[in-house]
Amino acid sequence: MKLFFKIILWVAVVLIFISLIPYLISPVYDFNEPAPFKGNKLYNPYAEIQNHKWYKANFHSHSNIFWGLTDGRLSDSDELYKIYSNMGYNIIGISNYMNLDVVDSHKDKFFPVYEHGFGIWKNHYLVLGADNVKFMDFIYYPTTNNKQFIINELKRDNNLISIVHPWMRNAVSMDDVSYLDNYDCIEICRYSRTSVEYVDRALSSGKNIKIMANDDSHDITNQDEVGKSLTIINSKSKSYGDVISAIKQGSAVSVNLINSGFNTFEIKNLRIPMLPNLSKFNVAGDTVSLKFDSLAAEIKFIGQNGVVKSSVSNSDSAVYYFKSDDSYIRVEATFPNNAVYYLNPVFRYDSEINKTYKAKINYPLTISYYVLWVAGFVFVVVILRRLKFLGK
């Protein structure tokens, strides 16, 4: 019996040690202090929309994998593709946890994506354009340094990293989105709620991030999870490269249909393909002008710290004049059916528009951190040996 307990103890020690490996190799970073966008130029994310086509996309949904152990067991992949196709979606991603789902019969609409993360605190990221799965995460509480390490491990030049449901268990805090770098997007809404405050915090901190909206559906039969949020992308084509490029540019609109009254698949199949589109978006000097192809109940211009700077009611178009204290302006448009459109921001810059990665490894602190881990490991080994000795 004593031998049995010793085996259990050592198995537990080995498993705990394995789970701590990411913490052992994660460096310490120097993060730049958050600062608003600055510069004399204004970036227009929609400069090319007249030349390209709009595609409706959902990148965040779950299907039945791992023998039904994950939350998604009520969704069949083929049925998921069928339902989203019937609703008029052109691009469909099945973002299973730590798994790339490929359905051969629907490759014309398939987009490679998976949801990364299996830790207790729900620090999850969508990896769009992924070609493999990175099997590493921080199971226990991750620090901001740990989160930056994971983002850097996931990030490639040809993919996109999106923070999802940051509010869940406070997985990614408001301070985190201010300091973290090298991520591309924040998922502004899913079927149950929005993350608008995180988007404005990141933008107010000078982070060149884009907005996306997805269902994050886990049960394809649940009307409250499916067809509630989507991203409409203006792209040259549906190819992976063109879609990634369009989202990086900001040529996409996030749509929240939570309060739209689209409560049956019959209504969604009819109404979602007929959703309004952005038809014009110009930036000339300090003037931002836009136009939709349908009447909006309200168009709001939102700036630093999420403050509403101006609004227009019952119009399909609006104009805003950038002020000297405006670091960025983003647009929210609400339509008569209560569909809410979130546009990507116009922001100030001088030269490098797309530079997002600034966090640098602090090598002295990192070495000190590693030394502390080694010391802690030696201490645990000594304690276990003493316990073994006392057990004789």
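So, how was this worked out
Residues numbered from 1 in each chain as written. Predicted model: local features only at pLDDT ≥ 70, side-chain atom pairs only at ≥ 80, totals over all residues. Heavy atoms only, no water. 1 Å grid on protein atoms, 1.4 Å probe; cavity = no way out; pocket = protein on both sides within 12 Å on 5 of 7 lines; lining within 4 Å. Points joined across faces, edges and corners; volume = space filled by probe spheres on them. Helix = DSSP H or I, 4+ residues; strand = E, 2+ residues; numbered from the N terminus. Nonpolar A, V, L, I, M, F, W, Y, C, P; charged D, E, K, R; others polar. Disulfide = S-S within 2.5 Å. Phe/Tyr/Trp six-rings, centres within 6.5 Å; stacked < 30°, edge-to-face > 60°. Buried < 20%, exposed > 50% of the residue type's maximum accessible area, 1.4 Å probe, protein only.

**Things to note about empty space enclosed by the protein**
Next up, step 1: In the structure shown here, the tally under the stated rule is 1 cavity of 30 Å³ or more.
Next up, step 2: If you add up the space inside the largest cavity, you get close to 40 Å³.
Next up, step 3: Every residue lining the largest cavity is listed: Asn123, Tyr125, Asp137, Phe138, Pro142, Asn146, Lys147 and Ile150.
Next up, step 4: In terms of residues, the lining of the largest cavity owes the most to one element, helix 3 (residues 144–154), which gives 3 residues.
Next up, step 5: For the lining of the largest cavity, the class distribution of residues is 4 nonpolar, 2 polar and 2 charged.

**A closer look at the state of the cysteines**
Next up, step 1: Per the stated rule, a full pass over the model turns up 0 disulfides.
Next up, step 2: Counting only cysteine sulfurs, Cys185 is the nearest neighbor of Cys189, a cysteine outside any disulfide, at a range of 13 Å.

**Digging into the packing of aromatic side chains**
Two aromatic rings are characterised by how far apart their centres lie and by the angle between their planes.
Next up, step 1: All chains considered together, the criterion is met by 20 aromatic pairs.
Next up, step 2: Ring centres 5.3 Å apart and planes at 90° place the aromatic pair Phe292 and Phe335 in the edge-to-face group. Remark: Phe335 occurs in the loop between strand 15 (328–334) and strand 16 (340–343) and Phe292 occurs in strand 13 (residues 287–303); sequence separation between them is 43 residues. Across the pair, Phe335 and Phe292 agree in class, each one buried.

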